[in-house]
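Chains, contacts and geometry: an overview
Okay, here's what each chain looks like letter by letter:
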Amino acid sequence: MLNPTWPPPPLLTGLLATMALVIAPHATRLPLWLTAFAAGVIAWRYLAGRGKLSMPSKWMLLSLAFAATLGILLQYHTLFGRDAGVALFTLMVALKLLELKSERDAWLTVFLGYFLVITHFLYSQNLFIAAYLFLIAWLLTTLLIAFSQPRAQLPWPVQFKLSAKLLLQAAPVMLVLFVLFPRVAGPLWGMPQDAFAGVTGLSDSMSPGAISRLAQSDAVAFRVEFTGPLPPPAQRYFRVLVLDRFDGRTWHASKTQALQDTLIPQGPAVRYNITLEPHDKPWLPVMDYADPATLPIGAQLNHDFSATQKEAVQQRKRYSVTSYPAFGGSLSTEAEAIPRAMRLPVAGNPRARALAAKVRQESRDQENFVNKMFIRFHNEPFVYTLNPPRLTGDSVDEFLFDTQRGFCEHYAGSFAYLMRAAGIPARIVTGYQGGEFNQLGNYLIVRQADAHAWTEVWFAGRGWVRIDPTAAVAASRIEQGLASALPAGEALPFFLREPSPWMRQLKFSWDTLNNRWNQWVLGYDQERQVSLFARLGFGIVSWQDLGMYLLAGVGSVIGVLALFTLRGRREYAGKVERAYATFCARMARIGITRAPNEGPLDFAARAKALRPDLAPRIEAITRLYVALRYGVNAKSEWVQDMTRLIAQFRPRKSASE
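In this report, the structure presented in the accompanying data block is examined. This is a predicted model, so every value here is computed, not measured.

Next up on the list: the sheet that holds strand 11 (residues 317–323). On the basis of which strands lie adjacent, the open sheet formed by 5 strands has the order 11-6-2-16-15 and antiparallel pairing. Every other strand in the sheet has two partners, leaving strand 11 and strand 15 (436–438) as the edge strands with one partner each. In this sheet, neighbouring strand axes are inclined to one another by 25 degrees on average, regardless of whether the strands run parallel or antiparallel. Bridge count between strand 2 (residues 220–226) and strand 6 (residues 270–276): 5 bridges; the pairing is antiparallel. Bridge pairing in strand 6 links Glu-225 to Asn-273.

What follows deals with the packing of helix 3 (residues 58–76) against helix 4 (residues 82–96). Two elements in contact, helix 3 and helix 4, have axes whose closest approach is 10 Å; the angle formed by their N-to-C orientations is 165 degrees. Overall, the two elements helix 3 and helix 4 adopt an arrangement that is roughly antiparallel. Of the two elements, helix 3 crosses helix 4, and the hand of that crossing is right-handed. Between helix 3 and helix 4, the residues in contact are Leu-61, Leu-64, Ala-65, Ala-68, Thr-69, Ile-72 and Tyr-76 and Asp-83, Ala-84, Ala-87, Leu-88, Leu-91, Met-92 and Leu-95, respectively. Split into classes, the residues belonging to the contact of helix 3 with helix 4 amount to 12 nonpolar, 1 polar and 1 charged.

Let us look at unusual backbone geometry. Backbone torsion omega between Asp-288 and Tyr-289 reads -15 degrees, so that peptide bond is classified as cis. Mapped onto the fold, Tyr-289 is located in the loop between strand 8 (286–287) and strand 9 (299–301). Unlike most non-glycine residues, His-77 shows phi in positive territory, near 65 degrees. Position of His-77 among the secondary structure elements: in the loop between helix 3 and helix 4. Here His-77 falls in the exposed class, since its relative accessible area comes to 69%. Even without being glycine, Asp-280 reaches a positive phi, approximately 60 degrees. On the secondary structure map, Asp-280 appears in the loop between strand 6 and strand 7 (283–284).

Turning our attention to the pattern of salt bridges. A complete count under the given rule lists 24 salt bridges for this structure. Linking Arg-318 and Glu-225 is a salt bridge whose minimum nitrogen-to-oxygen distance equals 3.3 Å. With Arg-318 in strand 11 and Glu-225 in strand 2, this residue pair connects regions lying 93 residues apart in the sequence. Given a relative accessible area of 33%, Arg-318 falls into the partly exposed group. Taking relative accessible area as the criterion, Glu-225 reaches 24% and is therefore assigned partly exposed. A salt bridge links Glu-362 to Lys-358, with the shortest nitrogen-to-oxygen separation between them at 2.9 Å. With a gap of 4 residues between them, Glu-362 and Lys-358 both fall in helix 10 (residues 350–362), about one helical turn apart. Salt bridges linked by common partners bring Arg-239, Asp-288, Arg-427, Glu-456 and Arg-466 together as one network.

One finds Phe-222, Val-224, Phe-238, Tyr-272, Met-419, Tyr-432 and Val-457 to be the most contacted residues of the largest nonpolar core, which totals 81 residues. It is helix 13 (residues 408–421) that provides the largest number of residues to this core, a total of 8 residues. Excluding residues within four positions of it along the chain, Phe-222 makes contact with Phe-238, Ile-274, Thr-275, Leu-276, Pro-285, Tyr-432, Leu-444, Ile-445 and Val-446. Within the second largest apolar cluster, 39 residues are counted, among which are Leu-12, Val-22, Ile-23 and Val-117.

Within helix 18 (residues 526–535) the residues assigned to the buried category are Arg-528, Gln-529 and Phe-533. Angularly, the buried residues of helix 18 cover 130 degrees about the axis, an arc narrow enough to put them on a single face. Facing away from the buried side of helix 18 by over 90 degrees, the exposed positions are Glu-527 and Arg-535. Following helix 18 by one or two positions, Gly-537 has its phi on the positive side, about 95 degrees.

Quick look at the environment of Arg-360 now. Within the fold, Arg-360 resides in helix 10. Residue classification places Arg-360 among the partly exposed residues on the basis of a relative accessible area of 31%. Arg-360 sits 339 residues away from Leu-21 along the chain, and the two C-alpha atoms are 67 Å apart. Those residues within four positions of Arg-360 in sequence are excluded, and the remaining contacts are Asp-365, Gln-366, Phe-369, Ala-422 and Ile-424.

Our focus in this paragraph is the packing of aromatic side chains. Applying the stated criterion to the full structure yields 26 aromatic pairs. With a centroid separation of 5.7 Å and 80 degrees between ring planes, the pair formed by Phe-246 and Tyr-417 is classed as edge-to-face. In this pair, Phe-246 sits in strand 4 (residues 245–246) while Tyr-417 sits in helix 13, placing the two residues 171 residues apart along the sequence. Of the two residues, Phe-246 and Tyr-417, both sit in the buried class. Through a chain of ring-to-ring contacts, the aromatic side chains of Phe-377, Phe-382, Phe-399, Tyr-411 and Phe-415 assemble into a single cluster. If you follow Arg-427 out to its NZ or CZ, it ends over the ring of Trp-464, 3.9 Å from the centre.

On the basis of which strands lie adjacent, the open sheet formed by 5 strands has the order 8-3-14-17-18 and antiparallel pairing. Lying at the two open borders of the sheet, with one neighbouring strand each, are strand 8 and strand 18 (463–467). In the packing of helix 11 (residues 366–379) onto the sheet, the strands contacted are strand 17 (451–459) and strand 18, and the crossing angle to strand 17 comes to about 155 degrees. The sheet strands contacting helix 13 are strand 14 (426–433), strand 17 and strand 18, and the helix crosses strand 17 at an angle near 15 degrees.

This next bit is on the environment of Asn-368. Mapped onto the fold, Asn-368 is located in helix 11. For the pair Asn-368 and Arg-516, spaced 148 residues apart in sequence, the C-alpha to C-alpha distance is 50 Å. Setting aside chain neighbours within four positions, we find Asn-368 in contact with Glu-362 and Ser-363.

Residue position: Thr-275 is located in strand 6. When its relative accessible area of 4% is taken as the criterion, Thr-275 is described as buried. At 2.7 Å, the side chain of Thr-275 forms a polar contact with the side chain of Gln-519. Non-local contacts of Thr-275, meaning those with residues more than four positions away in its chain, are made with Phe-222, Arg-223, Arg-316, Lys-317, Arg-318 and Gln-519.

To continue, consider the side chain of Gln-309. Here Gln-309 shows up in strand 10 (residues 307–309). The exposure class of Gln-309 is buried, given its relative accessible area of 14%. Separated by 2.9 Å, the side chain of Gln-309 and the backbone oxygen of Glu-311 make a polar contact. Reaching out from Gln-309, the side chain makes a polar contact with the side chain of Lys-317 at a distance of 3.4 Å.

What follows covers a nonpolar patch on the surface. A cluster of nonpolar side chains, contributed by Phe-66, Leu-70, Leu-73 and Leu-74, occupies part of the molecular surface with about 410 Å² of accessible area. Mapped onto the elements of the fold, Leu-70 is located in helix 3.

About the thresholds
- Residues numbered from 1 in each chain as written.
- Predicted model: local features only at pLDDT ≥ 70, side-chain atom pairs only at ≥ 80, totals over all residues.
- Heavy atoms only, no water.
- Pairing = 2+ DSSP bridges.
- Helix = DSSP H or I, 4+ residues; strand = E, 2+ residues; numbered from the N terminus.
- Axes fitted to C-alpha atoms, helices over the stretch in contact; angles between N-to-C directions.
- Parallel < 35°, antiparallel > 145°, perpendicular 65-115°, else oblique.
- Left-handed = near helix turned anticlockwise from the far one by under 90°.
- Contact = heavy atoms within 4.5 Å.
- Nonpolar A, V, L, I, M, F, W, Y, C, P; charged D, E, K, R; others polar.
- Buried < 20%, exposed > 50% of the residue type's maximum accessible area, 1.4 Å probe, protein only.
- Salt bridge = Lys/Arg side-chain N within 4 Å of Asp/Glu carboxyl O.
- Core = buried A, V, L, I, M, F, W, Y, C linked by side-chain atoms within 4.5 Å.
- Arc of directions from axis to C-beta.
- Phe/Tyr/Trp six-rings, centres within 6.5 Å; stacked < 30°, edge-to-face > 60°.
- Lys NZ or Arg CZ within 6 Å of the ring centre and 35° of its normal.
- Polar contact = N/O pair within 3.5 Å; in protein donor to acceptor, adjacent residues only side chain to side chain.
- Patch = residues over 30% accessible without salt bridge, like charges linked within 9 Å, V, L, I, M, F, W, Y side chains within 5 Å.
- Areas by Shrake-Rupley, 256 points an atom, 1.4 Å probe, with all protein chains shown as cover.

Geometric values such as these leave the question of function open.
See the structure below:
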């Protein structure tokens, strides 16, 4: 059986509370049973430390570990990867609490706590979680100090203060390492395959309900900083994918190829910087129509004007682009794209086909047909809603003639279908539209809720022209955002509700702070590091240069810290030693001389036995000296107390004098 009386109750309570705080952020990610298991283990160890429960035997511990590991295997179907690995590690840390029996076990548990802290960054690296985990690191460091003293004599406030002092002393070294450690072009290691399992974002296909589900998410997709004035909402379309294959229910994207034609800029340019959140896809959102020469290295503009790169975006990416919204015209590659944009399944949606044929026959030309269909969408009693009814069978017919309630994918998909049914090339574009402008940070916040789908129709001599049928049904969606376009009485997600002015200010302030954290801390990559040193006048620095600067910087910081620390200790210790030497000299004058091999406590015991009349003063002086010379919780005012006592200590040769 394990010993439940160690560590002492105050230390045990502190350790259990800290480990609970370490595990807490994982509670929303771990299976409910595993969170409850960890909480039960912590409660068990607490009650055992209070003598209300017995500690488990070795065989019971092994049984618990085996059963819980089997549960994780059944839950995740593996013991590897991010989610399963974190779950297994959390389990082992919790079970370690049930075998605490020595100081070594306590130290090991605290160090495991440090490693568990790091696992939180596999899920989120925002400013809030970083501040929270820094607090946890402070608590863990305090526990290291507490466990370094078996008797735990230091009060908790003193240990918290000492822990904070140690972390503050390490902060300059951390800062130098952060700025000077050479960055590489890519990550030092690959993320587990399941690292992006919970990431929301657009897909390379679209079926009814796909984007309306995405619109329920307030996750940030990207942020945009414009070098000039903010473009009007009608221009704030960010293209991601072009879907040109329809199977009767779902639209799919074809394989893209790099643009071969040279785009001739037309109209005013819009220059902007995008900070894209990781989404584990190779797509780069850009405004129409991006200049391929301004795309980041490794990216390409495709023949459908979408932008992609070879690797999936698995870390925050910042890039600059110039777009020309007024660009138009045909490209040589459209010879392949146009026939594909006219195909429909052989059968299906007969009412939509009949409508397209009828209106086409009544129209003077293609443009007149497109306008009539757009007006029809405006005049019909369509409803723009986040909760459209489910469509089965001929989904286009059901939507156009029966339910007439849908989100942007319903309108774009049915409009493109009608175009193709009339023999007009059309395709779907998915991306983002609108966004929320943060005046404090002077940038546009585009969320997953801003995901949008629209239609492009081919006009001879003009090329692909954007037609957004959602604007015919709910024009306010384009001009004012999603919340303004939903029908009255429809329940809005919390983040879409209009906040009070102070809440809006608080939200923008936090996002601005978080964005700067992303830009200058999480986004401090090789490009930013090289740019920083160039602005400081160092020119283009190499790995060798950075290595030299790193060694010099760390050495200088450590040297300065050591200089101040040692000088303070030397001055402090010098005063204490001089005062105690005066005390010993005055004792020698009365015939009590301290031997070279005699410690202060032994000397005090002998002196008190020889001169009981001086015992209280000898005890007080020796206690202060030992605390100042060997203690870790000494206070500066004790030096003055000791000096005063010794100045007043002038013993006579005998007690009778």
